[in-house]
Structures are given as C-alpha cells and as structure tokens.
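# Per-entry structural report
This is what each chain is made of:
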Amino acid sequence: MGKWFCLMFILIGCHLASAQQCKISGKIFDQNKKPIKDAFIFSKEDPSIGTVSNAKGQFLVRLESDADSLSFIVSHLGFYTKEQIIGCLSKEAEIILTPSAKELPSVQIDEKKQDKQISMQTIDARKYHELTTASGNFEALLFSRAGVQSRNELSSQFSVRGGNFDENLIYVDDIEIYRPFIVRSGQQEGLSFINPDMVQSVAFSTGGFEAKYGDKMSSVLDVKYKQVDSAMGAVSVSLLGLNAFLGTRSKNYKFRQIHGFRYRTNRYLLGALETSGDYVPNFLDYQTKLTYAFSDKFSIDVLANIATNTFGFKPQTRETNFGSIQQALRLTVFFQGEEKNRFNTTTSALTLNFKPTSHSQIRLIQSVFLSDEREFYDVLGQYRLSELEADLGSDDFGNETFTLGVGSFQNHARNQLNAAVYQTKLLYDVQVGKRSGIQTGLRFQTENINDVFKEWQLLDSSGYSLPFTLDSVGYQNPSLQAYQDFNATSFESSNNTLSNFRIQPFFQYNTLIKIDSNFIKLSAGVRAHYWSYNAQTIFSPRLQLKTIKNKKGMQYKLALGHYAQPAFYRELRDLDGALISDVKAQESFQVVLGVEKDLQIWQRPFILSSEVYYKHQWNLIPYYIDNVRIRYYPKQTAKGRTGGLDMHLFGQFVEGIDSWLSVSYLQTKEDISGDDYYVYYNDNGEIIRPFTNDKVVVDSNLIQPGFIRRPTDQRLSIGLFFQDFIPNNPRYKVHLNMLYGSRIPYGELLFRTRDTLEIAPYRRVDIGFSARLDPKEKKQNGFRVKSTWLTFEVFNLFGIKNTISYQWIKDINNTRWPVPNFLTDRRLNLKLRVEF
C-alpha cells in the first residue's frame with residue numbers, strides 16, 4: 001500500500017501542508033428541539049467534506065483550515081437548507097432547521113416525522129465523487145449497498161434481492177426513466193441517464209416500497225435534481241472523458257436552471273480485454289432542468305435529455321487460457337469483420353406544479369421517451385482449441401501440446417428498434433389533520449415499438465458446418481436433387497410492431513400513530529395496473545409500518561404487500577424473435593422485517609441496519625442472462641421463492657469520515673412448468689451424449705428438476721466502501737471500494753435445469769488517492785473556486801479476471817466447451833475535478 005501512496009505523491013507533485021486541524025461537531029434539531037437524523041452537513045468551500053447526522057442529530061467533521069470559523073451548509077428533506085458559520089474552537093454547535101413549506105404532510109407530518117418515506121433509505125449523493133468507479137455511472141454508488149448485486153464494472157445495471165435488471169424502478173423528479181432495449185454488453189452500454197453533478201438527493205428501497213411507486217418487483221431509486229439557490233458549477237476531466245455542470249438563478253429567484261454535459265470513451269478500459277482490436281466507443285449526453293415560479297402557488301419545470309451512445313469495434317485476435325490444473329486449455333481466435341452499434345435516446349418532461357393551499361399540491365407531468373437503436377455486426381472468427389502442458393517440471397509448461405479442435409464461426413446481426421413511450425401523470429397530495437396525509441395519482445401511458453430483429457450464427461468445426469448439410473455428390477442431373485435448406489447453427493428473425501396503453505391509478509394514506517410515548521409511522525395504499533395488450537388488470541395492496549427511533553437508538557420496520565410486474569417489450573419476445581401475446585403479469589407477495597440500531601464503536605457513531613425478507617412468486621417468466629442482455633422464455637411460466645438477510649454497517653471507521661460495510665445472503669429458486677426431460681442410457685450404462693460411440697438406447701430415466709436456482713442466485717454478497725486520510729491532513733484521502741459476489745448459475749434454460757455450469761465468484765477492488773490542490777479559496781475570472789481535487793485511481797487493483805459470460809466452442813468430437821469471457825484487467829486513471 002505504501003508504494004501506491006508514493007506513486008500518488010509523485011503524480012500530483014504535492015507535499016504535506018502544516019495547516020491547522022479543525023474539528024467541527026454539534027447537533028441538528030427542528031424547531032421543537034427534536035434531533036434530526038440523516039441531515040447532510042458539508043463545507044460550503046468544499047462540498048466533498050461533510051457527513052450525515054445520526055439518530056441523536058449529532059455530527060462530527062474534521063478538516064484542515066487556518067480560519068477561526070467556517071461556513072457549513074445543512075440540508076434535509078422536509079426542511080429549508082441552512083447556511084451556518086461554526087467556529088473551529090467553539091463547543092458543540094446547535095443548528096435548528098425550519099420545516100419547508102414546499103414539502104407535504106407525507107414528508108413532514110409533525111416534529112416526530114424525520115424520514116421522507118417509510119421504506120426508503122437516504123443516500124448521500126456527494127459520496128459519488130469520492131467513489132472509484134470504472135463505469136462513471138451514478139448507479140455505482142449502490143453496488144456496495146446491502147441487497148444489491150453487480151458483476152460488471154462496465155455497466156450501470158444491477159439486480160436487487162434476486163431480481164433481474166428489468167425489475168428496478170428509477171425515477172428522476174417523479175419521471176420514470178427507461179434505458180435502451182437491445183444493448184447486449186457492458187462495453188456497448190455507455191452512460192446511464194442520471195447525471196451525478198445534477199443530483200440533489202437520493203432515496204433507495206431494496207423492497208417493500210409504497211403503493212405510489214410503479215409496478216416492478218425489486219427496487220426503487222428515487223432521484224431529485226437540484227434547485228440551485230446560487231451560481232455553481234463543476235468540471236471533471238480524466239483519461240476516460242469529460243463532465244461539465246453549471247447552475248444559475250435569476251436575481252428574484254423565480255428562474256432556476258442547471259445544465260450538464262458528459263462525454264465518455266471507454267477505449268482505454270476496453271484495451272484491457274483479451275480480445276484485441278480497434279475499439280471506438282463514444283458516449284455523449286446533455287441534460288438540462290429549467291424551473292420558473294410564476295408565484296408561490298404555481299411553477300413549471302422542464303427536464304430534457306439527449307444521449308448518443310455509439311460503439312464500433314474491429315476485432316483482431318483473442319487468446320484465452322482457461323480450465324483447471326488437471327486440464328488447462330487455450331482458445332486462440334483470429335477475427336475479420338466489424339461491429340457498429342448506435343443507441344440514441346431522448347427524454348423530455350414538462351411538469352406543472354400548483355399549490356391551491358398550504359396543505360395541498362397538484363402536479364401534472366407529461367413526459368416522452370424516444371429511442372433509436374441499431375446493432376449491426378458481421379464478424380468471422382477462425383479458432384484453435386488446444387490443450388496446454390500442465391506439468392510444472394516440464395520445459396514446455398504452458399505451451400500447447402495437443403489440438404482439440406479447429407474451426408470457424410460467423411456471427412451476423414441486423415437489429416433495429418425504435419420506441420416511443422408517452423406518459424401523462426397526475427399527482428395530488430393533501431394534508432389531513434395534524435399527523436396524516438393522502439397521496440393519490442393517475443398515470444396514463446402509451447407505447448409504440450417497431451423492432452426488426454435478424455441475427456444468425458454459423459459454426460464450422462474441422463471443415464464441417466454444424467449442423468451438417470448434405471452435398472450434391474452422386475447427382476448427375478441437379479434437377480433430381482431434393483431441395484435442401486441451409487441450416488445455420490442458430491437463426492432468429494422477426495419484424496414486430498407493438499402498440500398498447502396502460503392505466504395506473506394509486507391511493508396512499510400516511511399517518512403517525514401515538515401509542516403511549518411511542519410513535520409509529522404507517523403507510524397503507526393500493527395501486528392498479530391495466531394493460532391493453534392482454535386486457536389484464538392487477539391490484540396491489542401494500543402496507544408499511546416503522547417506529548420512531550427510541551432512546552436506546554432502536555427502530556423497527558415491517559413492510560408487506562403485493563408486487564406485480566406486467567410485461568414490457570423484452571418479456572414478450574421469444575428466443576426466435578416472435579411476440580407472445582398471452583403473457584400475464586409476474587406477481588409476488590413480499591414481507592420485509594427490519595431493525596436499525598445506533599451503536600458506539602471506538603467511541604464513534606455507527607448505524608447497524610438489518611432486514612430479513614421473503615418473496616412468494618408466481619407467473620414468473622424464466623430467462624437467462626448473457627452479459628447484460630436478458631433473454632426470456634415467455635411461452636413458459638414458473639413459480640418461485642426468494643428469501644434472504646441484508647446487513648449494513650454505516651459509520652466512521654476512521655474518525656471524521658464516513659464508510660460502510662454490507663453483507664447479504666439470499667437464495668432464489670424457481671420451478672418451471674414443462675422442464676422435465678429424459679436421460680438415455682446405452683447397454684454399458686453410459687449416458688448417451690453427442691460424442692458417445694454406442695448410441696443404442698436400452699434404458700431411459702425421467703428427470704424432474706423441481707426448484708432450480710435462478711440466474712441471479714448469488715448466495716453471498718459483500719460490499720465495502722472505506723475512506724481514510726493522512727493523519728492531521730485531510731487534504732490527502734484514500735477511497736477503497738470492494739465487491740464480492742459468490743458463484744451464480746449460467747446458461748440457457750437447458751443448462752440451468754441440468755445444473756451444469758456456474759460463473760466463478762466476482763471479486764474486485766478499486767482504489768483512489770485524492771489530493772486537494774487549492775489550499776485557500778481563490779477567485780478566477782469572476783468565479784470562486786470552492787475546491788480542486790486530483791485523484792489517482794487504480795481499477796481492479798489485484799488484476800483479478802472476472803467472468804461475465806461464456807462463448808461455446810465445439811471440438812472435433814462435437815463436444816461443446818464453455819470459454820469464459822473475462823472483464824477488464826488492471827487499469828490506472830487520473831482525474832481532475834474543479835468545483836466553483
């Protein structure tokens with residue numbers, strides 16, 4: 001570790017400064033002197049320096065400063081943001097926040113109401129800028145949270161508690177966000193929608209969320225963009241791209257605007273893959289949010305996003321070593337051809353906000369999502385599969401000793417998809433009495449999708465196309481020869497058009513119940529979903545209970561309800577490209593029990609959160625995952641069961657700076673209808689396989705798999721985000737992010753049913769070393785520079801080869817070998833970020 005510190009210091013060209021160590025501590029209260037939990041407090045000069053208050057409202061911040069007093073920003077959902085000057089040598093500061101008139105009773109019922117929603121956990125969005133992440137996407141902030149799984153550093157996709165990527169809801173300013181449909185790999189994916197520089201607050205639920213959220217079965221990520229009160233901006237430059245952000249307001253505070261631009265290229269990262277070639281990834285994104293307040297009662301918001309993600313690739317060679325010590329193998333491939341992909345998306349929304357009274361609010365949201373996607377590739381590969389010398393004492397150790405097979409394959413695709421999703425949403429919130437509130441809404445959505453899907457693969461082993469097509473030998477008169485089809489190894493072709501609408505109303509009642517001296521927050525609601533494509537209507541009642549944290553720092557939570565997920569386009573498309581019309585909504589009944597405890601460890605504040613959950617599922621659509629592409633089997637259904645335990649420890653592992661550790665265990669299985677199969681035996685008792693010499697069947701056995709592991713059955717997940725700084729000098733920091741995920745099953749339904757293949761555990765450590773370069777506040781060109789940070793990053797610190805998927809190769813005996821597709825190796829990055 002000391003070598004990495006030395007390398008960082010050489011790169012940044014800085015030396016330790018002998019500035020004063022300033023310790024800021026205090027408590028945050030509301031107007032009734034009740035402590036406020038999860039309030040953000042951070043330095044105005046450097047927003048990256050800050051922390052979150054605990055259940056007693058306490059906070060502690062350490063920083064370097066020569067000043068006698070410093071200005072801090074304090075914010076919390078449901079309260080006005082406050083700026084307060086705190087002296088370095090003063091005793092504990094008392095900060096009192098004023099309830100915001102903009103917030104509704106469901107957010108701030110009375111002095112006991114501290115959380116915005118019962119089921120949501122608040123995440124400090126500013127921690128993203130301290131995170132070392134290869135993808136550059138905001139969702140990476142979730143990957144080390146309890147219950148969240150991610151196995152691809154190039155992708156923003158994640159699974160939660162046994163669900164897949166399609167089971168997560170993402171909202172930005174109450175607008176549901178969609179992603180491209182036909183992306184198949186992380187290197188194609190590019191930038192996700194959320195712009196980290198524009199984020200004000202984040203709420204996240206891993207299950208048991210309220211009825212006001214949509215119809216998905218796993219999680220909700222609720223993001224709010226900034227409403228700036230003063231001019232601000234930021235610029236980030238690294239070897240992987242550029243980010244720029246600017247926010248301003250008018251003098252009378254009526255008009256506010258924020259703009260974000262992002263450019264990213266993963267060419268440097270993709271150079272660490274085993275397939276060498278010419279990678280040309282270019283990802284561009286521009287977003288803006290405009291707000292105008294006509295009066296205290298009426299305002300208008302405009303949110304717009306334009307994203308262009310292009311990916312080109314001309315592969316040249318690949319060499320992959322795999323297998324075991326007993327049988328080490330090598331695949332060598334020489335390529336011809338190229339891949340050209342384009343994913344252009346546009347999201348725009350208009351929101352009208354009206355407050356008829358101080359206790360009610362009406363919001364009308366009209367949004368549009370447009371996607372123009374194209375995936376073209378023609379790639380020819382000629383391969384050699386060899387066995388390697390595994391004897392450590394041999395002079396030929398590691399060299400090829402025997403050729404198991406040679407052949408070629410050709411992959412071809414001409415896939416194009418155009419989608420348009422239009423939403424109209426009406427939301428109404430009103431306070432009922434002192435401690436209660438009602439939230440209700442209606443959403444109408446139309447979907448128009450045109451999909452031209454055409455791809456095939458031809459596999460040729462030892463000069464023979466598989467499957468083999470007869471030749472014309474022996475036919476002197478060609479007219480007498482019977483017509484023969486040319487059979488590709490796989491062929492999928494379709495031209496689909498889908499046009500439908502959905503109606504989704506919901507009603508939710510929130511209240512605060514007092515029992516003796518204890519308070520319990522209750523949320524009860526129901527939502528419905530009608531889909532015109534299959535004329536199915538689903539009702540989903542949901543209930544959440546959560547106690548106010550008592551004097552011992554204990555808090556309890558119960559959530560239960562019905563969660564349904566009507567199919568979207570991907571779930572309808574079969575493996576051959578055809579749409580299946582009679583697909584019913586996937587449904588589940590979920591129960592979540594949770595407890596949270598304030599702890600003192602090493603005389604520092606910690607919060608330990610634990611949740612146990614169970615999901616009973618039916619009408620599930622089986623699927624398999626190939627990289628980030630999900631392929632469904634809509635002709636089949638399954639019933640499932642998922643259960644697990646999530647534990648999350650948050651606190652100051654190092655005094656004055658926040659870190660966290662998460663440990664999750666889950667088990668998710670499904671019983672697929674019609675998955676029975678026969679195993680056939682010959683006279684020697686051998687199972688008859690394609691390479692078996694004696695294929696005469698003398699006996700058979702019916703196999704009924706029953707409950708099998710789902711593709712996301714990652715039993716153990718561990719996530720660690722750890723921060724440290726040089727003693728007496730917090731200008732120099734270390735940020736470490738570690739992820740571990742145990743083995744998961746892999747393959748199409750046939751292979752999962754027979755439990756024949758697993759992906760090895762996912763293990764990754766990323767580390768960053770940051771130095772603040774501006775010792776004092778400066779003004780440049782009229783702008784006040786708040787902070788300048790230079791960060792040296794090491795992606796995949798230990799150079800572990802993680803597997804994302806497999807490529808199937810056949811040898812001369814027609815045996816299929818799964819060749820692992822590895823993710824990125826170790827890479828270094830240098831990043832400069834300036835905030836003003």
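Residues numbered from 1 in each chain as written. Predicted model: local features only at pLDDT ≥ 70, side-chain atom pairs only at ≥ 80, totals over all residues. Heavy atoms only, no water.

## Here we look at the overall build of the chain
Helix and strand content of the chain: five helices and 48 strands. With 836 residues in all, the chain has 56% of them scored as buried. Intrachain contacts of the chain at a sequence separation of at least 6 include 69% that bridge at least 24 residues. (Helix = DSSP H or I, 4+ residues; strand = E, 2+ residues; numbered from the N terminus. Buried < 20%, exposed > 50% of the residue type's maximum accessible area, 1.4 Å probe, protein only. Contact = heavy atoms within 4.5 Å.)

## Observations regarding unusual backbone geometry
A positive phi angle, near 55°, is found at A535, a position not held by glycine. As for its placement among the helices and strands, A535 is situated in the loop between strand 26 (518-531) and strand 27 (536-547). Given the relative accessible area of 53%, A535 is considered exposed. In this structure, Q603 is a non-glycine residue whose phi angle is positive, near 60°. Given the relative accessible area of 79%, Q603 is considered exposed.

## What about the confidence of the model for the chain?
Confidence in the prediction of the chain, expressed as mean pLDDT, is 86, and 88% of residues score 70 or more. pLDDT under 50 marks residues 1-19. Its contacts with residues more than four places away, or in other chains, come to 31 contacts. (pLDDT = per-residue confidence, 0-100.)

## Digging into the nonpolar core
Generally speaking, a soluble globular protein has its nonpolar side chains buried in company with each other. F138, V172, I194, V199, F204, L221 and Y225 are the most contacted members of the largest nonpolar core, which has 39 residues in total. With residues near it in sequence (within four places) discarded, F138 still touches A125, Y128, S192, I194, P196, V199 and V202. The next biggest cluster of nonpolar side chains, apart from the first, holds 25 residues, and it includes Y178, F181, F369 and A419. (Core = buried A, V, L, I, M, F, W, Y, C linked by side-chain atoms within 4.5 Å.)

## A closer look at the sheet that holds strand 8 (residues 121-123)
On the basis of which strands lie adjacent, the open sheet formed by five strands has the order 8-13-14-11-12 and mixed pairing. The two strands at the open ends of the sheet, each matched to only one other strand, are strand 8 and strand 12 (175-176). (Pairing = 2+ DSSP bridges.)

## Regarding the pairing of strand 19 (residues 298-323)
Where strand 18 (residues 275-293) meets strand 19, 19 bridges bridge the pair, whose relative direction is antiparallel. When the bridges of strand 19 are listed, T288 appears paired with A304. The hairpin formed by strand 18 and strand 19 contains four residues between the paired strands. In terms of strand pairing, strand 19 meets strand 20 (residues 328-354) through 23 bridges, oriented antiparallel. Counted as the bridge partner of G312 is K340 from strand 20.

## Some remarks on the pattern of salt bridges
Under the criterion given, the structure shown has 41 salt bridges. In this structure, D378 and R414 form a salt bridge, with 3.0 Å as the shortest nitrogen-oxygen distance. Taken together, the residues span a long stretch of sequence, with D378 in strand 21 (residues 360-388) and R414 in strand 22 (residues 400-432) at a distance of 36 residues. Of the charged contacts, one joins R502 and E447 as a salt bridge, the two residues approaching to 2.4 Å between their closest N and O atoms. Of this pair, R502 sits in strand 25 (residues 490-515) while E447 sits in strand 23 (residues 436-461), and the two are 55 residues apart along the sequence. (Salt bridge = Lys/Arg side-chain N within 4 Å of Asp/Glu carboxyl O.)

## Re the sheet that holds strand 6 (residues 82-87)
Here four strands make up an open sheet; going across it, the order is 3-2-5-6 and the pairing antiparallel. Among the strands making up the open sheet, the edge pair consists of strand 3 (50-52) and strand 6. Strand after strand, the sheet turns through a mean of 25° between neighbouring axes, direction not considered. In the sheet, strand 2 (residues 40-43) pairs with strand 3 via three bridges, with the strands oriented antiparallel. The residue of strand 3 that forms the bridge with F42 is G50. (Axes fitted to C-alpha atoms, helices over the stretch in contact; angles between N-to-C directions.)

## Considerations on the environment of L649
Among the structural elements, L649 can be located in strand 33 (residues 638-654). Residue L649 is classed as buried on the basis of its relative accessible area, which comes to 19%. Once the C-alpha coordinates of L649 and K597 are considered, the two residues, 52 residues apart in sequence, prove to be 9.7 Å apart. Beyond its immediate stretch of four places on either side in the chain, L649 contacts L599, F606, I607, L608, S659, W660 and L661.

## Overview of the side chain of D173
Along the chain, D173 turns up in the loop between strand 11 (168-172) and strand 12. For D173, a relative accessible area of 11% corresponds to the buried category. At 3.1 Å, the side chain of D173 and the side chain of K289 are in polar contact. Apart from residues lying up to four places away in sequence, D173 is in contact with V223, K224, Y225, K289, R363 and I365. (Polar contact = N/O pair within 3.5 Å; in protein donor to acceptor, adjacent residues only side chain to side chain.)

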